[in-house]
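The residues making up each chain are set out below.
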Amino acid sequence: MTVPGLDLDRLAARLSEAGVTRGPLTAELIEGGKSNLTYVVRDADRTVVVRRPPLGHVLATAHDMGREFRVMGALQDTDVPVPRMYHFCDDVEVVGAPFYVMEYVEGTPTRLTPEVGEHLVGVLARLHVIDPGEVGLGDFGRPDGFLDRQVKRWKRQLDASRSREVGGIDELFARLAKDVPASGAPAIVHGDFKLGNTLIRDGRVAAVLDWEMSTLGDPLTDVALFLLYSDFPHLDVGGLGGEVDIAALAARYAAESGRDVSRLGWYVGLACFKLAVITEGIHFRFTQGLTVGDGFADIGDIVAPLVERGLREV
């Protein structure tokens, strides 16, 4: 059995040695992801999930498997639902890159209804009230100067992925850099919080996934990104419910977290810039023939609408 990005014989040997699985393995790629590669892996008795970075062109600091493994391990006994972590491997000889193994959590696709939206905002607020030091994440990031570094980081990532002219994207960067807000108290930031990065069971979040961009920083970056995903028809978030009230979700978050959301427009502009840069990077990998799975051919078309929305917000 051949699976792109996994050597099943080497993986089976490593996981058997670690006591995670026993004997030969089968695996299938979970389609739909545009970044890290996620596989459902089975032996004769057990099902687990394996995550590894994408093939080919990878931006510096992105796709950090150890980071995802650490933050989910730290959160697994809190009010934020995450899968159990089983094993981390930084030996690139096994599958060609660092990877980790986690619990397989059942969940079903759903639409972003008002009820699901409110539950997601509640989970986000609960994440942002956790004291990082109490869960062993006091050194997980550098919250001082977080927003300035975010603006500069995504500009660097853009420069590393430039393969075509993108109108307005440098103007959006300039506006963001000129008027950076003062951050409130730092928190654990997911970095890509959206419906599509959760598993839903019985209308509630069974697990929050995809923590590759997590750090300590300004939690309003999470809020703005979630609201953008929920209110931007060009983005695939698992199906929009159509009747979701974005202003109500922002107000609910403010009430549950105690955060000031008066500068949320700037944060939405940053979210647009970030997603435009990420999408441009995926488009670049697609043009180089380095993506795995379907759904990449038109992804570059999302960049321009994101830039336009960001310029309206900032």
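Predicted, not measured: the structure shown is a model, and the values here were computed from it. (Residues numbered from 1 in each chain as written. Predicted model: local features only at pLDDT ≥ 70, side-chain atom pairs only at ≥ 80, totals over all residues. Heavy atoms only, no water.)

1. Focus: the confidence of the model for the protein chain
Using the following cut-off: Here pLDDT means the predictor's own confidence in every residue, given as a number from 0 to 100. In this analysis, two residues are considered to be in contact whenever any of their non-hydrogen atoms come within 4.5 Å of each other.
Per-residue pLDDT for the protein chain has a mean of 90; in total, 91% of the residues score no lower than 70. Considering only residues more than four positions removed or in separate chains, one finds that residues 57-61, a stretch of pLDDT under 50, has 12 contacts. Here residues 237-241 is a poorly scored stretch, pLDDT under 50, and it has 16 contacts once near neighbours within four places are set aside; other chains count.

2. Quick word on the nonpolar core
Short version of the rule: Buried Ala, Val, Leu, Ile, Met, Phe, Trp, Tyr and Cys residues that are joined via side-chain atoms within 4.5 Å together make up what is termed a nonpolar core. For every residue, the accessible area obtained with a 1.4 Å probe (protein chains only) is divided by the maximum for its type, and the residue is called buried under 20%, exposed over 50%, and partly exposed between those limits. Helix and strand assignments follow DSSP, with helices taken as H or I runs no shorter than four residues and strands as E runs no shorter than two, numbered in order from the N terminus. Marked domain ranges trace back to an automatic or database domain assignment.
Within the largest apolar cluster, 78 residues are counted, with the highest numbers of intra-cluster contacts made by Ile-188, Trp-211 and Phe-273. Take this core: its biggest share by element is 12 residues, from helix H9 (residues 264-287). Residues lining this core come from more than one domain, with at least three contributed by each of domain 1 (8-103) and domain 2 (114-313). The residues contacting Ile-188, other than those within four sequence positions of it, are Val-71, Leu-75, Leu-127, His-128, Ile-130, Pro-132, Val-135, Leu-137, Thr-215, Leu-216 and Asp-222. If you look at the next biggest cluster of nonpolar residues, it comprises 20 residues, including Ala-12, Val-20, Leu-29 and Tyr-39.

3. What to know about the packing of H9 against helix H10 (residues 303-313)
Inclusion rule: Lines fitted to C-alpha atoms define the axes here, with helix axes fitted over just the stretch in contact, and angles between the N-to-C directions of these axes take values from 0 to 180 degrees. Each angle gets one of four labels, with under 35 degrees taken as roughly parallel, over 145 as roughly antiparallel, 65 to 115 as roughly perpendicular, and the rest as oblique. Here is the rule for handedness: rotate from the far helix to the near one, and if that takes an anticlockwise turn smaller than a right angle the crossing is left-handed, while a clockwise turn gives right-handed.
Two numbers describe how H9 lies on H10: the axes approach to 8 Å, and their chain directions differ by 165 degrees. By the angle class used here, H9 and H10 are roughly antiparallel. In this structure, H9 meets H10 at a crossing whose hand is left-handed. Facing Gly-265, Trp-266, Val-268, Gly-269, Cys-272, Leu-275, Ala-276, Thr-279 and Glu-280 of H9, the residues of H10 in contact are Val-303, Leu-306, Val-307, Arg-309, Gly-310 and Glu-313.

4. Overview of the environment of Thr-198
The cut-off we apply is this: N or O atoms closer than or at 3.5 Å make up a polar contact, with two conditions inside protein: a donor-capable atom paired with an acceptor-capable one, and, for residues adjacent in sequence, both atoms drawn from side chains.
Counting through the fold element by element, Thr-198 comes out in strand S7 (residues 198-201). In terms of polar contacts, Thr-198 uses its side chain to reach the backbone carbonyl oxygen of Leu-195, at 2.8 Å.

5. As for the side chain of Arg-52
Operational definition: A positive count includes Lys and Arg, and a negative count includes Asp and Glu. His and the chain ends are not counted in either. Criterion for a salt bridge: a side-chain nitrogen of Lys or Arg within 4 Å of a carboxyl oxygen of Asp or Glu.
Residue placement: Arg-52 occurs in strand S3 (residues 47-52). The buried charged residue Arg-52 lacks any salt bridge partner; its closest oppositely charged side chain belongs to Asp-7, at an N-O distance of 10 Å. A distance of 3.0 Å separates a polar atom in the side chain of Arg-52 from the backbone oxygen of Gly-5. The residues touching Arg-52, leaving out its near neighbours within four places in the chain, are Gly-5, Asn-36, Leu-37, Tyr-39, Met-65, Val-95, Gly-96, Ala-97, Pro-98 and Phe-99.

6. With respect to the pairing of strand S5 (residues 99-103)
Selection rule: Note on pairing: DSSP must find at least two bridges between two strands before they are called paired.
For S5, the tally of buried residues reaches four of five residues, placing the bulk of the element in the interior. Bridge count for S3 against S5 is four bridges, and the pairing is antiparallel. Along S5, the bridge assignment pairs Val-48 with Glu-103. Relative to S5, strand S4 (residues 85-89) runs antiparallel, the two being bridged by four bridges. By the bridge assignment for S5, His-87 is matched with Val-101.

7. Re the domain arrangement of the protein chain
The following threshold applies: Buried area is a sum: the accessible area each of two parts loses on coming together, probed at 1.4 Å, counted once for each and added. Classification convention: Asp, Glu, Lys, Arg as charged; Ala, Val, Leu, Ile, Met, Phe, Trp, Tyr, Cys, Pro as nonpolar; all other residues, Gly among them, as polar.
Under the domain assignment, the protein chain is made up of domain 1 (8-103) and domain 2 (114-313). Of the residues lining the interface, 30 residues belong to domain 1; the matching set on domain 2 comes to 35 residues. Both faces considered, domain 1 and domain 2 share a buried interface measuring about 2800 Å² in area, 61% of it formed by carbon and sulfur atoms. Inspection of the region where domain 1 meets domain 2 yields two salt bridges. We note a salt bridge from Asp-139 to Arg-70, for which the minimum N-O separation is 2.5 Å. At the junction of domain 1 with domain 2, the criterion picks out 10 residue pairs in polar contact (both at pLDDT 80 or more). If one sorts the elements of the side of domain 1 that touches domain 2 by residue count, helix H2 (residues 65-75) sits on top with seven residues. Of the residues that constitute the side of domain 1 that touches domain 2, the class distribution is 15 nonpolar, eight polar and seven charged.

8. Remarks on the sheet that holds S3
Taken together, five strands build an open sheet; the order of strands is S1-S2-S3-S5-S4 and the sheet is antiparallel. At either end of the open sheet lies a strand with only one pairing partner, and these are strand S1 (26-29) and S4. Taking the axes of each pair of neighbouring strands and ignoring which way they run, one obtains an average angle of 25 degrees across the sheet. Most of the contacts of H2 go to S4, to which it runs at about 155 degrees, and overall it touches S3, S4 and S5.

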